[in-house]
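This is what each chain is made of:
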Amino acid sequence: MNLLDQFRKITTIVLDVDGVLTDGTLWLMEDGQMVRRMNIKDGYALQLAVKKGYRVVIISGGQSEAVRERLQKLGIQEVYLKVENKAALLEEYRNRQQLQWEEILFMGDDIPDFSVMQLVGLPCAPADAAPEILQVAAYISQQKGGEGCVRDVLEKIMKLKGDWQIDTTVSSK
């Protein structure tokens, strides 16, 4: 099966946060708060994917209520933070939703994502992912984490299915 056929089968997009939705940088503020940066274009594509009926799931080892709040504002309800075993959580989610592995795209960037990437039908990585992750990725975005890699894969899926259209009711804010 070619790569485009793999993209056509995707109904569920599962993403890591740090290094995928962010550039992996943490700014440490004087008050102890840790601040991340997310890409507005990724946000637009995520909100459109949710609106078009795709399942979007976030699984992260990190814990930030600001991240949860941002993603929920985009319409993403399945946000799992502080996850120690991403593969087990995704297996449980897949069973609950009665999904086939080939329907699931996962984008990760570092070692904690390795086992998940070996399960899913379409393992993806940003351009700047760890070498071990790049080796198991079926698709490597030309974009880095936090710099549009999520939009890249979402746009591919939605264009192949005819769901990428101008929609003025979707906001990335």
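An unreviewed UniProt entry annotates the protein chain as HAD-IIIA family hydrolase originating from Flavihumibacter fluminis.

Peer 1: Provide a residue-level description of the overall build of the protein chain, including the pertinent values.
Peer 2: Check the secondary structure of the protein chain and you find seven helices and eight strands. Expected size for 173 residues packed as a compact globule is a radius of gyration near 16 Å; at 15 Å, the protein chain falls within 12% of this value. If one aligns the C-alpha atoms of the protein chain with their principal axes, the spans along those axes are about 50 × 40 × 30 Å. Considering only contacts in the protein chain between residues 6 or more positions apart, those separated by 24 or more positions represent 56%. Here the protein chain has roughly 8,600 Å² of accessible surface; of this, 48% comes from carbon and sulfur atoms. Within the protein chain, the 25 negative side-chain charges are centred at a point lying 7 Å from the centre of the 21 positive side-chain charges.

Peer 1: Explain the sheet that holds strand 8 (residues 139-140) residue by residue, including any values.
Peer 2: Reading across from one edge, 5-4-1-6-7-8 is the order of the six strands in this open sheet, with parallel pairing throughout. Each of the sheet's edge strands pairs with one partner strand only, and the pair in question is strand 5 (78-80) and strand 8. Most of the contacts of helix 7 (residues 149-160) go to strand 6 (residues 104-107), to which it runs at about 165°, and overall it touches strand 1 (12-15), strand 6, strand 7 (122-125) and strand 8.

Peer 1: Run through the environment of Val-79, naming residues and quoting values.
Peer 2: By the element assignment, Val-79 lies in strand 5. Val-79 sits in the buried class, given a relative accessible area of 7%. Separated by ten residues in sequence, Val-79 and Glu-69 place their C-alpha atoms 9.6 Å apart. Apart from the residues within four sequence positions on either side, Val-79 is in contact with Ile-58, Arg-68 and Leu-71.

Peer 1: Describe the environment of Val-14, naming the residues involved and giving the relevant values.
Peer 2: You can see Val-14 is positioned in strand 1. Measuring from C-alpha to C-alpha, the distance between Val-14 and Ile-59 comes to 7.0 Å, with 45 residues separating the pair along the chain.

Peer 1: Lay out the pattern of salt bridges in plain terms, naming residues and giving numbers.
Peer 2: Pairing between side chains of opposite charge can happen when the charged atoms of each approach one another. Counting across every chain of the model gives 13 salt bridges. Of the charged contacts in the structure, one is a salt bridge between Arg-96 and Glu-92, with a shortest N-O distance of 3.0 Å. Here Arg-96 pairs with Glu-92, and both are found in helix 4 (residues 86-97), just four residues apart, close to one helical turn. A residue is classified by how much of its surface remains accessible, and Arg-96, at 41% relative accessible area, is partly exposed. On the basis of relative accessibility, which here comes to 38%, the residue Glu-92 falls in the partly exposed class.

Peer 1: Explain the packing of aromatic side chains to me, and be specific about the residues and the numbers.
Peer 2: Enumeration over the complete set of coordinates arrives at two aromatic pairs. Consider the rings of Phe-7 and Tyr-139, whose centres lie 5.3 Å apart with planes at 85°: the pair is edge-to-face. Placement of the pair is Phe-7 in helix 1 (residues 3-8) and Tyr-139 in strand 8, with a sequence separation of 132 residues. Plain terms: the ring middles of Tyr-44 and Trp-164 are 6.0 Å apart, the flat faces sit at 85° to each other, and that makes the pair edge-to-face. Placement of Tyr-44 in helix 2 (residues 40-51) and of Trp-164 in the segment after helix 7 is noted, with a sequence separation of 120 residues between them.

Peer 1: I'd like a rundown of the side chain of Asp-113, residues and numbers included.
Peer 2: Here Asp-113 is to be found in the loop between strand 6 and helix 5 (114-117). Residue classification places Asp-113 among the buried positions, given a relative accessible area of 1%. Those residues in contact with Asp-113, other than ones at most four positions away along the chain, are Asp-16, Lys-86, Phe-106, Gly-108 and Ile-133.

Peer 1: Report on helix 3 (residues 65-73), specifying residues and quantitative values.
Peer 2: Among the residues of helix 3, Val-67, Arg-70 and Leu-71 are the ones counted as buried. Taken end-on, helix 3 shows its buried residues confined to a sector of 95°, consistent with a single buried face. Every exposed residue of helix 3 that faces more than 90 degrees away from the buried side is listed here: Ala-66 and Lys-73. On its buried face, helix 3 is in contact with helix 2, strand 4 (55-59) and strand 5. Within two residues after helix 3, Gly-75 carries a phi angle of roughly 100°, on the positive side.

Procedures and definitions
Residues numbered from 1 in each chain as written. Predicted model: local features only at pLDDT ≥ 70, side-chain atom pairs only at ≥ 80, totals over all residues. Heavy atoms only, no water. Helix = DSSP H or I, 4+ residues; strand = E, 2+ residues; numbered from the N terminus. Rg over C-alpha atoms; globule rule 2.2 N^0.38 Å. Contact = heavy atoms within 4.5 Å. Areas by Shrake-Rupley, 256 points an atom, 1.4 Å probe, with all protein chains shown as cover. Lys, Arg positive; Asp, Glu negative; His and termini not counted. Charge placed at Lys NZ, Arg CZ, Asp CG, Glu CD. Pairing = 2+ DSSP bridges. Axes fitted to C-alpha atoms, helices over the stretch in contact; angles between N-to-C directions. Buried < 20%, exposed > 50% of the residue type's maximum accessible area, 1.4 Å probe, protein only. Salt bridge = Lys/Arg side-chain N within 4 Å of Asp/Glu carboxyl O. Phe/Tyr/Trp six-rings, centres within 6.5 Å; stacked < 30°, edge-to-face > 60°. Arc of directions from axis to C-beta.

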